[in-house]
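Residue strings, one per chain:
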Amino acid sequence: MAPVRKDALLSRREIEGQIAEGKHIIIYDNRVLKVDAFMQFHPGGEKPMKHMVGRDATDEINALHSREARQRMLSFQIGRIQGPWLNFLPPIQGGKFRPYSQEYCSSDEDSSSHENSRPPSPIFDTQDTTPGLRRRRKSSSTDTSVSVTPSGQEFEPKPFFLDARTQEEIVFDVAKYPSLDTENQENIKRKYRELDARIRDEGLYQCNYFSYFIEACRYTLFAALSYFFLRLGWYGVSGFFLGCFWHQLVFTAHDAGHMGITHHFHVDSVIGIIIADYLGGLSLGWWKRNHNVHHIVTNAPEHDPDIEHMPFFAISHRFLTNLRSTYYERIMYLDAAAKVLLKYQNYLYYPILLFGRFNLYRLSWEYLLLGQAPKKGPAWWHRWFEIAGQVFFWTWFGYGILYCTIPNWSGRLSFILISHMVTAPLHVQITLSHFAMSTADLGVHESFPQKMLRTTMDVDCPTWLDFFHGGLQFQAIHHLYPRIPRHNLRRTQKLVLDFCQDTGIPYAIFTFYDGNKEVISRLGDVAKQLRILEECRKSCAEHGVFSDHH
């Protein structure tokens, strides 16, 4: 495209029309990017980009990408915009867009801009902001508002108390967090970007490699102890130290997945794959595909795979409505298994997490064997490198240790169970940061920093315990600035606290004990709602009460 066309001003109505044609349009730094050609090459998969269609993705792109990657994105520029951009709801989230037609575009340009860009009214106008309510307004000839029911999901009436619960959560968040009006959210964005510049000036994006030397010494110690006790025939003790080895390694793999070590895509990817696949048997590529979506749509029940654990866990009452996952592209049914397990999920939380690593194996194999990894672009070869890593892992672990070294099945079973259960604190740590936080949808006009702080909490712990939490205790800060090396997150926390005080955004921080209490309380609350739902259905059946839809 000629430079003149790349700098041409595009109206909101023209951009809407292009999205209606199926094009993937993203706003970045007042530039209009058409990323269709790039989607198949994106190392993080297509889903994160689809959640940004029709939105200003400046903060999300800056947070998750290197300067070199951001420069490459500019080659997809097709125009510019003027002034603050008021977000559309992306098609993957149920957004509806009108085709662009010269015959009537001028007549409805003003009404389109006003109607589709107005700040959300999450309590009384549920169509723009609350997927849990799904009531629809009557459309008009100039109505450009978008539906939030994910495509492919049937309209399904729900018990009134579930709608009421959705409204209560939205009312609570609207009262607790800064106003969603454009001026206020733009001010939050400006201060967030100023804070990023200050963090860079203080060198907090620079990795402290000596910290990784200390980490490497700890990893070597755990691996050596595991091998030592394995040779002695103390298989349970050996499995314990192997589990400690895996538990600690994940933290560095997490850093590498975010390009937080060398900040070089291929170097950090190789480091991460060696740790995750070759030493741990887990796919780094699967984790990145999953985790990138999590960072974009944090705690959204329909979209965030990190909270979609049906039929085992439901952290929101909205999972009780046969919700459709846009990530897995299937309906998460409230089936017979879910109705049993969810009623006791607050009691089953820790026992289930003891076996969490086995589920990660399954997800890793699905990713690698079903061709979900990028086939083009800079990461095309990662899948084959990971498959080689899986062969290497199961050779040394499955054949070398379990089959050749441990002589009997009782020893093998104890070794497997203990080594895998020791990693359970990691799964608790990961879920702790989000399970107790808000899952309400406040609409498309909420700024990236406010949404991250509303859906994520930090864990307070003494400095000497940082090695145990591995930096994951600073999840709120990490979600704001994912590429900051984790050894610098404690220093960054002070700056983020000043930012929160300046903007009026609450900063959620709990002790590890209190955070666990919050999670168990949330799980118990949803279990209670399920029991109420079952009682309602039973009562309706007994008294012959049915809705008009039956």
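Cut-off values and rules
- Residues numbered from 1 in each chain as written.
- Predicted model: local features only at pLDDT ≥ 70, side-chain atom pairs only at ≥ 80, totals over all residues.
- Heavy atoms only, no water.
- Buried < 20%, exposed > 50% of the residue type's maximum accessible area, 1.4 Å probe, protein only.
- Helix = DSSP H or I, 4+ residues; strand = E, 2+ residues; numbered from the N terminus.
- Pairing = 2+ DSSP bridges.
- Expected span 1.5 Å × (residues − 1).
- Contact = heavy atoms within 4.5 Å.
- Phe/Tyr/Trp six-rings, centres within 6.5 Å; stacked < 30°, edge-to-face > 60°.
- Lys NZ or Arg CZ within 6 Å of the ring centre and 35° of its normal.
- pLDDT = per-residue confidence, 0-100.
- Polar contact = N/O pair within 3.5 Å; in protein donor to acceptor, adjacent residues only side chain to side chain.
- Core = buried A, V, L, I, M, F, W, Y, C linked by side-chain atoms within 4.5 Å.
- Salt bridge = Lys/Arg side-chain N within 4 Å of Asp/Glu carboxyl O.

### Description of the pairing of strand β1 (residues 25-28)
Neither face of β1 is open: one carries Ile25 and Ile27, the other Ile26 and Tyr28, and all of them are buried. Bridge count for β1 against strand β2 (residues 31-34) is 4 bridges, and the pairing is antiparallel. Within β2, the residue paired with Tyr28 across the bridge is Arg31. Taken together, β1 and the strand that follows it, β2, pair antiparallel across an intervening segment of 2 residues, in which Asp29 is found at a positive phi of about 50°.

### Topic: helix α24 (residues 489-503)
Counted at 1.5 Å a residue, the expected span for α24 with its 15 residues is 21 Å, and the 20 Å between its end C-alpha atoms agrees. If you check which residues of α24 are buried, you get Leu489, Thr492, Gln493, Leu495, Val496, Phe499, Cys500 and Thr503. Taken from the residues just after α24, Gly504 is the one with a positive phi, measuring 80°.

### Overview of the environment of Ile505
Examined against the element boundaries, Ile505 turns out to sit in the loop between α24 and β7 (509-511). Spatially, the C-alpha atoms of Ile505 and Leu453 are 7.4 Å apart, while their sequence positions differ by 52 residues. Ile505 has contacts with Tyr177, Pro178, Ile188, Gln450, Leu453, Phe499 and Cys500, leaving out every residue within four places of it along the chain.

### Some thoughts on the packing of aromatic side chains
The way to describe two aromatic rings as a pair is by their centre distance and the angle between their planes. The tally for this structure, following the rule as stated, stands at 34 aromatic pairs. Note on Tyr361 and Phe393: the rings are 6.4 Å apart at their centroids and 40° apart in plane angle, and the pair reads as tilted. Here Phe393 lies in helix α18 (residues 382-403) and Tyr361 lies in helix α17 (residues 356-369), a separation of 32 residues in the sequence. Across this residue pair, the class does not change: Tyr361 and Phe393 are buried. By the ring-pair criterion, three or more aromatic residues cluster together here, those being Trp246, Phe355, Phe358, Tyr361, Trp365, Phe393, Trp394, Trp396, Phe397 and Phe415. The lysine or arginine in question, Arg200, covers the ring of Tyr205, its NZ or CZ lying 4.1 Å from the ring centre.

### Examining the confidence of the model for the protein chain
With 87% of its residues at a pLDDT of 70 or more, the protein chain has an overall mean of 87. Between residues 109-156, whose pLDDT stays under 50, and residues either more than four places distant or in other chains, the model counts 126 contacts.

### A few points about the side chain of Thr326
Topologically, Thr326 is positioned in the loop between β4 (323-325) and β5 (330-332). A polar atom in the side chain of Thr326 sits 2.8 Å from the side chain of His303.

### Side note on the nonpolar core
Across soluble globular proteins, nonpolar side chains show a tendency to be buried alongside one another. Of all hydrophobic cores here, the largest spans 33 residues; its most connected members are Phe245, Trp246, Phe397, Ile406 and Phe415. Counting only elements with at least two residues in this core, the list comes to α11 (209-232), α12 (235-257), α13 (265-279), α14 (284-296), α17 and α18. Excluding residues within four positions of it along the chain, Phe245 makes contact with Tyr219, Phe222, Ala223 and Leu279. Listed in part, the 28 residues of the second largest apolar core include Ala314, Val428, Leu432 and Ala436.

### Overview of the environment of Ala223
Considering the arrangement of structural elements, one finds Ala223 in helix α11. Taking the C-alpha atoms as reference points, Ala223 and Cys244, 21 residues apart in sequence, are found 8.6 Å from one another.

### As for the pattern of salt bridges
Across all of its chains, the model carries 24 salt bridges by this definition. Ionic pairing is found between Asp196 and Arg200, a salt bridge with its closest N-O pair at 3.3 Å. Taken as a pair, Asp196 and Arg200 lie in helix α10 (residues 182-201) at a separation of 4 residues, close to a single helical turn. The exposure class of Arg200 is partly exposed, given its relative accessible area of 38%. Where Asp255 meets Arg486, a salt bridge forms, and the shortest distance between an N and an O atom there is 2.6 Å. In this pair, Asp255 is assigned in helix α12 and Arg486 in the loop between α23 (475-480) and α24, connecting sequence segments 231 residues apart. Each of the two residues, Asp255 as well as Arg486, counts as buried.

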